[in-house]
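# Summary of structural features
Next come the chains, spelled out residue by residue.
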Amino acid sequence: MNKLFSRGSDALAMAAIDSGLKFYAGYPITPQNDIPEFLSRELPKVGGTFVQAESEVASINMLLGASSCGFRVMTSSSSPGISLMQEGISYLAGSELPAVIVNVSRWGPGLGGIGASQGDYHQATKGGGHGDYFIPVFAPYSVQEMYDLTVKAFDVADKYRTPALILADVMISLMRETLIRRYPEGIKPPEKSWAFGERKGERQKIIKSLYLKGNELEVHNWKLHKKFEEMKKNEILFDKYLCDDADIIIVAFGMVARVARSTIELARENGLKLGLFRPISLVPYPEEELFSLTKTCKNFFVIEMNTGQMLYDVMRILGRNVNIRFYGKPSSYVPTPDDLFNKAKELFNI
Amino acid sequence: MKDNQKFNTYQTPSWCPGCGNFGIWYALKSAYTELGFDNNDVCMVFGIGCSGNLSNFIKVYGFHSIHGRTLPVASGIKLANHKLNVVATSGDGDGLGIGLGHFIHTCRRNIDITYIIHDNRVYGLTTGQTSPTSPQGFQSKSTPFGVIEQPINPLALAIIQGATFVARGYSGEIDHLTSLIIQAIKHKGFAVIDVLQPCVTFNPNFSYPFYNPRVFKLEDAGHNPEDFNNALKYALDVNNDKIPIGIFYKISKPTYEESSEELRDKPLSEYDISDISISELIEEIRES
Ligand SMILES: Cc1ncc(C[n+]2csc(CCOP(=O)(O)OP(=O)(O)O)c2C)c(N)n1
């Protein structure tokens, strides 16, 4: 076991290398430059290729090519760059090519700012590019999860032949904390008989997302959908903290959930029983797990660093018979535990 | 010192001390002053990068656009209202990396825009990665083992792809740069100035001590800017220890606006559409 004091970005990059990353293409953008900088040094040492492309469009298309050769591939960027990649992500999904995409998200819309943000929740979880598809999305809230969820993303991407997204933020990416660098035993990249160069072919191999004949496309879309249904059965991740006796349950992901934990401690010291439900896989969303909390609690407090995006999912899942309140912070200033405690009292009239 | 206060804003530039952007900033303000411009005679379009921060420091119409997309935005402005003087600026990453495709297409369109490339041969704002004009072997944060690719040659590209005014300036030669900017703005057609712009923080090897002894003025060398072959020869001669600055190439050709029937007489913004009636057209469609 390898215990380190690591930055989130380094943890993510180490996880990629431990997962057998062989090809990285990316384009500089703040606040994620630490990931490519780490990989530009370290990836060549393990026989991988690092390329700084001329744009995010080139990066994601290089991934399409490298992934079709059967290698584990990754890119990372931040919000505006991820927007540019959406066409390629849609094509990855349509052509069933595994890839890991990292969004250390920042402020938008437009150029926005470079501070911590959760403004890309909709884009990340509702497809992002054109067409009828979902891709798995994981939201780390610690340096350890930057590592573990990257390993997970590579595994899920290969298993379902899909692009997978890590939705991180600058707080988690640039802070340092204890990391146990442990690649789980038993996870191995599967054989990729579909890839170019893998097996001398009897048949012609074509990788594409173009289906014109008859109902080919419909069949293909249902096939993608079925994979998504499978992911819902197998890949859901979430975390619960002091929910059993809670009067109010906070629903939050990423760095906000991190602050929420301190809020809960503060509130409980002051006699208010708060709990936390934290989706870790944003797609597939832990719907049943969240809904089951309504058996013991009727008050839910959604907190996000945006004007209310995951809120729509929570409202859809919990329905109208519970009391849902929302606090949003669409700026780079991460709310403090005190802020959230005071907001909870204000919004629930305590 | 020229009195170019009119183009100052209340903000002091935030570039690093010694940054080559100061020279470009000063030259632009001086050029506007010498041309007798008012603040609303010019529309500048900025890219994303340290160069783009200029948007806060110069008092003219300003559009701070998307990384790499200055030229399409500038083209939109020029084609909607070609009475405005449009000056676009980009970093080398912005204009020759992510925006290179737009650069080539704007050259071939020959729209009357002045385009200034702040060429520091590095990505400044993102703190020191390789850029499309970094030399081979260049070690940076993203190329610890040295750059493999051959650099982009913006001047040669512009010359062969249809730009009608192609020059190189140096932000250490401010008066010369001012004169280039004035001539570029006066020129009818797409005018490109690639400016050697030291980045003292992230690319100190290509700074004033490197450029000062190497630059020489093409006009002193007796170069005739209408001579395509000689212009290209100078543009391609990148391994010489002497670096030419000045006008490489300048010819007269109809601009896009002059060649377009709708735009020839007046800008789109001056067409009166208040009493346009489409009833006749609808009648015609009905009858057919
Ligand atoms: C789509 C997109 N990708 C990446 C960035 C991040 N970014 C900001 S400035 C810049 C490049 C800076 O280099 P350059 O254009 O040479 O300008 P300089 O800062 O050196 O003036 C990049 C890549 C961005 N803003 N948008």
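Residues numbered from 1 in each chain as written. Chains lettered and ligands numbered in written order. Predicted model: local features only at pLDDT ≥ 70, side-chain atom pairs only at ≥ 80, totals over all residues.

## Examining the overall build of chain B
To keep it simple, the criterion reads: Only runs of H or I of at least four residues qualify as helices and only runs of E of at least two qualify as strands under DSSP, and these elements are numbered from the N terminus. For a compact globule the rule gives 2.2 Å times the number of residues to the power 0.38, and the radius of gyration it is set against comes from C-alpha atoms. What counts as a contact here is a pair of residues whose C-beta atoms, placed from the backbone, lie within 7 Å.
Tallying secondary structure elements over chain B gives 11 helices and eight strands in all. In terms of overall size, chain B behaves like a compact globule, its C-alpha atoms giving a radius of gyration of 20 Å where 288 residues would be expected to give roughly 19 Å. Along the longest, intermediate and shortest principal axes, the C-alpha atoms of chain B span 75 × 45 × 40 Å. A fraction of 71% describes how many contacts in chain B between residues 6 or more apart in sequence connect residues 24 or more apart.

## Some words on the sheet that holds strand β12 (residues 281-283) of chain A
Residue and element names in this part refer to chain A. Operational definition: Two strands qualify as a pair provided DSSP detects at least 2 bridges between them. Where helices are involved, their axes are fitted lines through C-alpha atoms of the stretch in contact, as for all axes, and angles between N-to-C directions lie from 0 to 180°.
Across the sheet, which stays open at both edges, the seven strands sit in the order β3-β2-β4-β5-β7-β6-β12 with mixed pairing between neighbours. The open sheet terminates on both sides in strands that have one partner only, identified here as β3 (49-52) and β12. Along the sheet face, helix α6 (residues 143-160) touches β4 (72-77), β5 (99-105), β6 (137-138) and β7 (163-169) and points at about 165 degrees away from the line of β7.

## Notes on the site of the ligand
Applicable threshold: Using a C-beta atom placed from the backbone, a residue is scored as near a molecule or strand whenever that atom is within 6 Å of it. When residue character is reported, Ala, Val, Leu, Ile, Met, Phe, Trp, Tyr, Cys and Pro are called nonpolar, Asp, Glu, Lys and Arg charged, and the others, Gly included, polar.
Residues in contact with the ligand amount to 24 residues; listed here are only the nearest, G49(B), H67(B), G91(B), G93(B) and G124(B). Among the chains of the assembly, those with residues near the ligand are chains A and B. Counting only elements with at least two residues in the shell around the ligand, the list comes to α4 (79-94) of chain A together with α3 (92-98) of chain B. Split by residue class, the shell around the ligand holds 10 nonpolar, 11 polar and three charged.

## A closer look at the sheet that holds strand β1 (residues 42-46) of chain B
Residue and element names in this part refer to chain B. Spatial ordering of the open sheet is given by β2-β1-β3-β4-β6-β5-β8-β7, a layout of eight strands whose pairing is mixed. Every interior strand has two partners, whereas the edge strands, β2 (61-64) and β7 (215-217), have only one. Averaged over all pairs of adjacent strands, the angle between strand axes in this sheet comes to 20 degrees, irrespective of strand direction. Sheet topology places strand β3 (residues 85-91) next to strand β4 (residues 113-119); six bridges connect them, and they run parallel. Bridge assignment links T89 to a residue of β4, and that residue is I116. Contacts between helix α8 (residues 228-236) and the sheet are confined to β5 (165-170) and β8 (243-250), with β8 contributing the most and set at about 150 degrees to the helix.

## Here we look at unusual backbone geometry
Residues and elements named next belong to chain A. Note the cis peptide between T30 and P31, where omega equals 5 degrees. You can see P31 is positioned in the loop between β2 (21-26) and α2 (34-42). Note that the residue after G108, namely P109, is joined by a cis bond; omega there is -5 degrees. On the secondary structure map, P109 appears in the loop between β5 and α5 (121-125). The phi dihedral of N349 is positive, around 50 degrees, even though this residue is not glycine. Positionally, N349 belongs in the segment after α12 (337-347).

## Points about the confidence of the model for chain B
Definition in use: Confidence scores here are pLDDT values: one per residue, from the predictor, ranging 0 to 100.
Per-residue confidence for chain B averages 95 on the pLDDT scale, and 99% of its residues sit at or above 70. Scored by ipTM, the complex comes to 0.93, with pTM at 0.95.

## Observations regarding the pairing of β3(A)
All names here are of chain A. Condition: With strands facing away from the observer, any crossover in which the path from the first strand over the helix to the second runs clockwise is taken as right-handed.
Direction of pairing for β2 relative to β3: parallel, over a ladder of four bridges. The partner of G26 across the bridge, within β3, is Q52. Crossover handedness for the path β2 to α2 to β3: right-handed.

## Let's talk about the nonpolar core
Just so we agree on the cut-off: Defined on buried residues, the nonpolar core groups Ala, Val, Leu, Ile, Met, Phe, Trp, Tyr and Cys residues joined through C-beta atoms within 7 Å. Here a residue counts as buried when 20 or more other C-beta atoms fall within 10 Å of its C-beta, as exposed when 12 or fewer do, and as partly exposed in between; the C-beta atoms come from the backbone. Boundary definitions for the domains trace back to an automatic or database domain assignment.
Ranked by size, the top nonpolar core spans 102 residues in total, and within it V100(A), I249(A) and A260(A) carry the most contacts. The biggest single contributor to this core is α6(A), with 10 residues. Counting the residues that make up this core, at least three belong to each of domain 1 (2-234) and domain 2 (238-347) of chain A. Residue contacts for V100(A): discarding those within four places in its chain leaves M74(A), T150(A), A153(A), F154(A), A157(A), A164(A) and I166(A). With 57 residues, the next largest nonpolar core counts I24(B), A27(B), A31(B) and V60(B) among its residues.

## Things to note about the domain arrangement of chain A
Residues and elements named next belong to chain A. When cut into domains, chain A gives domain 1 (2-234) and domain 2 (238-347). Each of domain 1 and domain 2 has a C-alpha centre, and these two points are 28 Å apart. Of the residues lining the interface, 24 residues belong to domain 1; the matching set on domain 2 comes to 20 residues. When residues of the side of domain 1 that touches domain 2 are traced back to their parent elements, those giving at least two are α5, β6, β7, α7 (170-174) and α8 (216-234). The dominant element in the side of domain 1 that touches domain 2, judged by the number of residues it contributes, is α5, at four residues. For the side of domain 1 that touches domain 2, a count of residues per class yields 15 nonpolar, seven polar and two charged.

## A closer look at the interface of chain A and chain B
At the junction of the two partners, chain A supplies 14 residues and chain B supplies 17 residues. In terms of residue count, α2(A) provides more of the side of chain A that touches chain B than any other element does, four residues in total. Of the residues belonging to the side of chain A that touches chain B, the class tally is six nonpolar, five polar and three charged.

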